[in-house]
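Per-entry structural report
These are the residues of each chain, in order.
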There are 2 protein chains.
Amino acid sequence: MEPLGIALIGCGTVGSGVARLLLEYPERLAARAGRPLLLRRVLVRDARKNRTVTLPHELVTTELRSSLTDPSIQLMVELAGGVDWARRAVIDSFAAGKDVVTANKALLATHGQEIFEAARRHHRAIAFEASVGGGIPIVAALSQSLSANQIVSLQGILNGTCNFILTNMSEHGQSYAEALQAAQQRGYAEADPTLDVDGTDAAQKLAILAQIAFGLRVPLSAIEHRGIADIQEIDLHFGRELGYTIKLLAEAWLNEQQLALHVSPVLVRLHTPLAEVRGPYNAVKVVGDAVGDTLYYGQGAGQMPTASAVVADIIDMAVGRAQKTFQTLRLWSGNGGDVTQRPSSTVRTRFYLRCPVLDQPGVLADIARELAQQQISIASVIQHEALDEEQGGTVPLVIMTHTARTGDFRAALEQINRLGCVAAPSVYYPMAE
Amino acid sequence: MEPLGIALIGCGTVGSGVARLLLEYPERLAARAGRPLLLRRVLVRDARKNRTVTLPHELVTTELRSSLTDPSIQLMVELAGGVDWARRAVIDSFAAGKDVVTANKALLATHGQEIFEAARRHHRAIAFEASVGGGIPIVAALSQSLSANQIVSLQGILNGTCNFILTNMSEHGQSYAEALQAAQQRGYAEADPTLDVDGTDAAQKLAILAQIAFGLRVPLSAIEHRGIADIQEIDLHFGRELGYTIKLLAEAWLNEQQLALHVSPVLVRLHTPLAEVRGPYNAVKVVGDAVGDTLYYGQGAGQMPTASAVVADIIDMAVGRAQKTFQTLRLWSGNGGDVTQRPSSTVRTRFYLRCPVLDQPGVLADIARELAQQQISIASVIQHEALDEEQGGTVPLVIMTHTARTGDFRAALEQINRLGCVAAPSVYYPMAE
């Protein structure tokens, strides 16, 4: 069969991994694709830069145009990252009659609709498995394997940097700063880790998953997100005492055609599959109305795991599956589903609450009264002696609530923080079932 | 678009689930398939039997012929089970110009080559996601999502009955007999559970996975399998003391184009993803050379989880993806890969060994000498006082070895069991990394 001609746009970490697979295993990939996959051009910013792959000299170029006009190239693989330039390159690729594979989550989370409409207008296809969860086939699971189901909920550990930091804090007793430094030393965190640790990266991935699983087009700004930078060791400690660990979860729940979604540190019960996801690994738990609970686990980032997902998309394009999926699903189309977003204040969940309180009688009664006023009942309480002389006479009062409406809990919290016996703002996290 | 006409062959537990999805959610499924999925006929043995789904009277039939000759039916969904009749029905379906979806693991494990060759001869396609792992999309993961990889190893908890029994034994202190009874009461085990508990069912599934992941056609008789019926509580107890639990694993490891595979109870380290798979759940850990470790988890059996996988295949057929996958992969073709089977005696692993020994000095020295003669070194030893007066002066000596060749370990074991100080046959299990 005729080979599939491929141009790589960008040859950084992931691009080098994709080039390695294409150049080092041509026979393996041709067998799975039913035709040869030919890397015909690699677009880079700096042709003289050292890379982890040796590129044949004649493939390397610094301009996009020659790939767009080359009829022997049918597929553009966008791994440049960033949003503005990539958006233009992808749309120009469709206009030039090329299909596109991308790993660019920021691009899809912000310009998904425009990108997909351009593909449809030009009768081309786009695949994006590597944009969420690295080597984990979560896009394929949601768009194909679970297609008999109405997805009911999603819970994902979608940021390996955060999971590495939280694992080191909870299992090796490191502080946030120490764990972040360890992540940077191992290459799991950028020099500026802001977009990872503040939850933005996970929110972008959640926006993509919400589109696939629920047909909901949700702007990034509409996804509430809390990060991990202010998580304290004391809460990991009390969490463990209650039988929980803390994970940064991207969550979505469907209820009567309304979807609530957020990114937040969440207390996850020990010895459940999500709690056992350690270090830089990712996992997504998906509940469908027919299949029940399922979970997908693997490395959520890194050169070869992400390249594995990109090349799977390339093979799907070569086989012709990706085009059929693209045409059938009509993702990011104007007429999505009839699912609308519901405020996360309406979500019902249990809460972990730690109030730094004065060490005096009656404190628990005061706090319990504020919770009761919002119809929130208490499941358990931990009240230790002062752990530390330096806390200036305050002690942590830790409460685990029964299921409550998030909005009611926040209203109670506001009142609690105003109590004279509460010495500093309380800390709270939702708890997974 | 034109509807896809479907005949169900068999309407037992899974068939009723598939019929429910097709009849109750036509709009949802049509949206995912890009065309209506029309259930046109349901073939049953007894038309008057009560089912968990209400079938329109005019769909029910007791003979196959009318479906084969009906040009408005393009897809036969074989859920009858069994081997001989199903084999005939599937081959006749191809001959009549129909594609096939099946959940029949026994059929594929024993007649895969004949079935696939018949499909190719008649230019039809077959899909079989539900044949392994129920609702877990392990067939799709291996045949599509991980297609950039050489799969290096597979480890699966593929039998929910066994996993339920082992979970109850290890976490609720039940005996094998009690746990089996609990499984039967909940519908997780058949009245005659032999094929589940002796490892045959898991071996059939492993044969299918070995074909997809490694292109190896392996007859069932060539897969060594041990079951769970002789697992004793004492070994679960000592395993836990060492930091392990026991799971029935179907395992395959590739080494220089040679594949070793077996089904066996294996000690799995606590707090790893496979160890946390409880009750009737299944999971498969797959290691690929690019993607690294991945894991897929969900309900491995049951009406709706399995129906979810069957209907995903039906949708893949309606979209046209399944046909492309079938044509490209050439599974069970005469010219498989160049992977050959390697005797499981060559597999290198650590072992758990429990010897019921006489309570006298020098015993450990005798056993250690036999292990040393086979170049096997000891990682740790547990030697408690006699647990039980009734054991008649014998005590359990528990040894965890370092990595050893399975054949060498078995040779040592034979010598150990001949020692005068060893009062009864020793018990051993391999240990997962």
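Model, not experiment: these values are computed from the prediction.

**Some thoughts on the overall build of chain A**
Of regular secondary structure, chain A possesses 15 helices and 18 strands. Relative to the globule expectation of 22 Å for 433 residues, the C-alpha radius of gyration of chain A, 24 Å, shows essentially globular dimensions. Projected onto its principal axes, the C-alpha coordinates of chain A cover approximately 80 × 45 × 35 Å. In chain A, which comprises 433 residues, the share counted as buried stands at 60%.

**Details of the sheet that holds strand S2 (residues 37–43) of chain B**
All names here are of chain B. The strand order S3-S2-S1-S4-S5-S6 describes an open sheet built from 6 strands, whose pairing is parallel. Two strands in the sheet have a free side with no partner beyond their single neighbour: strand S3 (60–61) and strand S6 (126–127). For S2 and S3, the ladder comprises 2 bridges, and the chain directions are parallel. Each bridged residue has a counterpart across the sheet, and for Val42 the counterpart in S3 is Val60.

**A few points about the pattern of salt bridges**
Where side chains of opposite charge bring their charged atoms close, a pairing between them can arise. Taken as a whole and judged by the stated rule, the model has 36 salt bridges over all chains. Put simply, A:Lys105, A:Asp201 and A:Lys205 are held in one network by salt bridges that share partners.

**Some thoughts on the confidence of the model for chain A**
Mean pLDDT over chain A works out to 95, with 97% of the residues at or above the 70 mark. In the predicted complex, the global pTM is 0.96; the interface-specific ipTM is 0.95.

**Topic: the packing of helix H6 (residues 138–145) of chain B against helix H10 (residues 200–214) of chain B**
Residue and element names in this part refer to chain B. As a packed pair, H6 and H10 sit with axes 9 Å apart at the nearest point and diverge in direction by 15°. The angle between the axes of H6 and H10 places the two elements in the roughly parallel class. The way H6 lies across H10 gives a crossing that is left-handed. Where H6 approaches H10, its residues Ile138, Val139, Leu142 and Ser143 are matched on the opposing element by Leu209, Ile212 and Ala213. The class makeup of the residues in the contact of H6 with H10 is 6 nonpolar, 1 polar and no charged.

**Points about the sheet that holds strand S4 (residues 75–78) of chain A**
Overall, parallel pairing links the 6 strands, which are arranged S3-S2-S1-S4-S5-S6 (chain A) in an open sheet. Edge strands, defined here as strands with exactly one partner in the open sheet, are strand S3 (60–61) and strand S6 (126–127) of chain A.

**Overview of the environment of B:Asp359**
Residues and elements named next belong to chain B. By the element assignment, Asp359 lies in the loop between strand S14 (348–358) and helix H14 (363–373). In this structure Asp359 comes out as exposed when scored by relative accessible area, which is 56%. For the pair Asp359 and Thr394, spaced 35 residues apart in sequence, the C-alpha separation works out to 5.6 Å. The residues touching Asp359, leaving out its near neighbours within four places in the chain, are Gly393 and Val395.

**A look at the relation of the copies chain B and chain A**
The transformation that overlays chain B on chain A combines an axial shift of 0.0 Å with a rotation of 180°, and the residual RMSD is 0.0 Å. What we have between these two chains is a two-fold relation. With an isologous cut-off of 70% or more, the 100% of interface residues of chain B that recur at the interface of chain A puts this contact in the isologous class.

**Quick word on the interface of chain B and chain A**
Contacts between the two partners involve 48 residues from chain B, matched on the other side by 48 residues from chain A. Together, the buried faces of chain B and chain A total about 4,100 Å²; carbon and sulfur atoms form 53% of this surface. Across the chain B-chain A interface, the total number found is 2 salt bridges. The residue A:Arg28 makes a salt bridge to B:Asp289 at a minimum N-O spacing of 2.6 Å. Remark: the boundary between chain B and chain A carries 18 residue pairs in polar contact (both at pLDDT 80 or more). At the level of secondary structure, the elements contributing two or more residues to the side of chain B that touches chain A comprise helix H2 (26–33), H6, strand S12 (292–299), helix H12 (303–319) and helix H13 (321–329) of chain B.

**Overview of the packing of helix H13 (residues 321–329) of chain A against H13(B)**
The geometry of H13(A) relative to H13(B) is characterised by a closest axis approach of 9 Å and an angle of 175° between their N-to-C directions. Looking at the two axes, H13(A) sits roughly antiparallel to H13(B). Along the contact surface, H13(A) presents A:Arg321, A:Lys324 and A:Thr325, while H13(B) presents B:Arg321, B:Lys324 and B:Thr325. Each residue belonging to the contact of H13(A) with H13(B) can be placed in one class, and the counts come to no nonpolar, 2 polar and 4 charged.

**Brief notes about the side chain of B:Asp70**
On the secondary structure map, B:Asp70 appears in the loop between helix H3 (65–68) and strand S4 (75–78). Setting aside residues up to four positions removed in sequence, B:Asp70 forms contacts with B:Arg41 and B:Lys98.

**Describing the nonpolar core**
Soluble, globular proteins show a tendency: their nonpolar side chains are buried together. Counting 250 residues, the largest nonpolar core has A:Ile314 and B:Ile314 as its most contacted members. In terms of nonpolar packing, the next biggest core, distinct from the first, is built from 24 residues, B:Ile157, B:Leu249, B:Val266 and B:Ala283 among them.

**Some words on the side chain of A:Asp196**
Residue and element names in this part refer to chain A. The residue Asp196 is located in helix H9 (residues 194–197) in this model. Salt bridges are absent for the buried Asp196, whose nearest opposite-charge side chain, Lys205, sits at 6.0 Å. When residues no more than four places from it in sequence are discounted, the contact partners of Asp196 are Asn159, Thr161, Cys162, Glu190 and Asp201.

**Structural notes on the packing of aromatic side chains**
Enumeration according to the criterion identifies 20 aromatic pairs over all chains in this entry. Ring geometry for B:Phe116 and B:Phe326: centres 5.7 Å apart, planes at 40°, overall tilted. Residue B:Phe116 is found in helix H5 (residues 105–121), and its partner B:Phe326 is found in helix H13; the two are separated by 210 residues along the sequence. Under the relative-accessibility criterion, B:Phe116 is labelled buried at 1%. Looking at B:Phe326, the relative accessible area reads 9%, which means it is buried. Between B:Tyr352 and B:Tyr429, the aromatic rings sit 6.3 Å apart at their centres with planes inclined by 25°, giving stacked as the arrangement. In this pair, B:Tyr352 is assigned in strand S14 and B:Tyr429 in strand S18 (residues 427–431), connecting sequence segments 77 residues apart. Note on B:Tyr352: relative accessible area 0%, which makes it buried. The class for B:Tyr429 is buried, based on a relative accessible area of 1%. Through successive ring pairs, a cluster of aromatic residues spans A:Phe116, A:Phe128, A:Phe326 and A:Trp332.

Calculation notes
- Residues numbered from 1 in each chain as written.
- Chains lettered and ligands numbered in written order.
- Predicted model: local features only at pLDDT ≥ 70, side-chain atom pairs only at ≥ 80, totals over all residues.
- Heavy atoms only, no water.
- Helix = DSSP H or I, 4+ residues; strand = E, 2+ residues; numbered from the N terminus.
- Rg over C-alpha atoms; globule rule 2.2 N^0.38 Å.
- Buried < 20%, exposed > 50% of the residue type's maximum accessible area, 1.4 Å probe, protein only.
- Pairing = 2+ DSSP bridges.
- Salt bridge = Lys/Arg side-chain N within 4 Å of Asp/Glu carboxyl O.
- pLDDT = per-residue confidence, 0-100.
- Axes fitted to C-alpha atoms, helices over the stretch in contact; angles between N-to-C directions.
- Parallel < 35°, antiparallel > 145°, perpendicular 65-115°, else oblique.
- Left-handed = near helix turned anticlockwise from the far one by under 90°.
- Contact = heavy atoms within 4.5 Å.
- Nonpolar A, V, L, I, M, F, W, Y, C, P; charged D, E, K, R; others polar.
- Least-squares fit on C-alpha atoms with pLDDT ≥ 70 in both.
- Buried area = accessible area lost by both parts, 1.4 Å probe.
- Polar contact = N/O pair within 3.5 Å; in protein donor to acceptor, adjacent residues only side chain to side chain.
- Core = buried A, V, L, I, M, F, W, Y, C linked by side-chain atoms within 4.5 Å.
- Lys, Arg positive; Asp, Glu negative; His and termini not counted.
- Phe/Tyr/Trp six-rings, centres within 6.5 Å; stacked < 30°, edge-to-face > 60°.

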